[in-house]
Amino acid sequence: ENFGGSQYTSARMISAGLQEFQYGRIDIRAKLPEGKGIWPALWMLGSDFWTTGWPNCGEIDIMEIVGHEPSTVHGTAHWGDFSGNHVSYGNSTTLSSGKFSDEFHVFTIIWDNEKIRWFLDDNLYNTLDITPSALSEFHQPFFFIFNIAVGGNWPGSPDGTTVFPQYMYVDYIRVFQQ
């Protein structure tokens, strides 16, 4: 759609004020869009975002891809240091064949009071120890954000090879807590 002088917009859904939780296993089965300038993400922000802002609220990227790398998924955590500066830790994994737009995959985090662990189709690819006091952001409730961003510093802008419209299919979201 034409909006603000651009021929495309981004889309997102958030669960703030509707569903928030602390710790558990989160499984999201999704099939993702691809293409230059496309940036789908299934992620979470700390519920105190509205009062502390980002990055001090904490951010957990369950998964994100940049569309020009359609076979690589990134799992990352972001937070603010004691001076409010942005700090992040992440890792990625790449499919042995195919792209995330070819079929559904399950993106998982297992989050407890000691660690956040990221999985792709039940294969561990990243772990963050959240016991240091500098990572206190990750010991509070979080809410979901699902979005397909178009453009940005990381994916760049769409080009003539980018096909529109793009779709992110989410089959299910499951949150398991004790």
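A brief report on the enclosed structure follows. (Residues numbered from 1 in each chain as written. Predicted model: local features only at pLDDT ≥ 70, side-chain atom pairs only at ≥ 80, totals over all residues. Heavy atoms only, no water.)

## Observations concerning the overall build of the protein chain
For the protein chain, the count of helices and strands is one helix and 12 strands. In summary, the protein chain has a C-alpha radius of gyration of 16 Å against a globular reference of 16 Å for 178 residues, a match within 12%. Seen along its three principal axes, the alpha-carbon backbone of the protein chain occupies a region of about 45 × 35 × 30 Å. Looking at the protein chain residue by residue over its 178 residues, the buried ones come to 46%. Sequence-distant contacts, at least 24 apart, represent 67% of the contacts inside the protein chain between residues at least 6 apart. Accessible surface, the protein chain: about 9,100 Å² in total, of which carbon and sulfur atoms supply 49%. (Helix = DSSP H or I, 4+ residues; strand = E, 2+ residues; numbered from the N terminus. Rg over C-alpha atoms; globule rule 2.2 N^0.38 Å. Buried < 20%, exposed > 50% of the residue type's maximum accessible area, 1.4 Å probe, protein only. Contact = heavy atoms within 4.5 Å. Areas by Shrake-Rupley, 256 points an atom, 1.4 Å probe, with all protein chains shown as cover.)

## Some words on the pattern of salt bridges
Tallied over the entire structure, the rule returns five salt bridges. Among the salt bridges present, the one from D27 reaches R25, with a minimum N-O distance of 2.9 Å. Judged by relative accessible area, which is 8%, D27 ranks as buried. Taken together, the shared-partner salt bridges connect R25, D27 and D122 into one network. (Salt bridge = Lys/Arg side-chain N within 4 Å of Asp/Glu carboxyl O.)

## Quick word on the sheet that holds strand β10 (residues 123–129)
Spatial ordering of the open sheet is given by β10-β9-β8-β3-β12, a layout of five strands whose pairing is antiparallel. Either end of the sheet is taken by a strand with one partner, and the two such strands are β10 and β12 (169–176). Sheet twist, expressed as the mean angle between neighbouring strand axes with direction ignored, is 15°. Across five bridges, strand β8 (residues 105–111) lies against strand β9 (residues 115–120) in antiparallel orientation. When the sheet's bridge partners are listed, I110 is paired in β9 with R117. (Pairing = 2+ DSSP bridges. Axes fitted to C-alpha atoms, helices over the stretch in contact; angles between N-to-C directions.)

## Topic: the environment of P158
Within the secondary structure, P158 is located in the loop between β11 (142–150) and β12. The exposure class of P158 is buried, given its relative accessible area of 17%. With 14 residues separating them along the chain, P158 and Y172 place their C-alpha atoms 28 Å apart. When near neighbours in sequence (up to four residues on either side) are disregarded, P158 contacts Y8, K36, G37, V150, G151 and F164.

Note that all results are geometric; they support no functional claim without further evidence.
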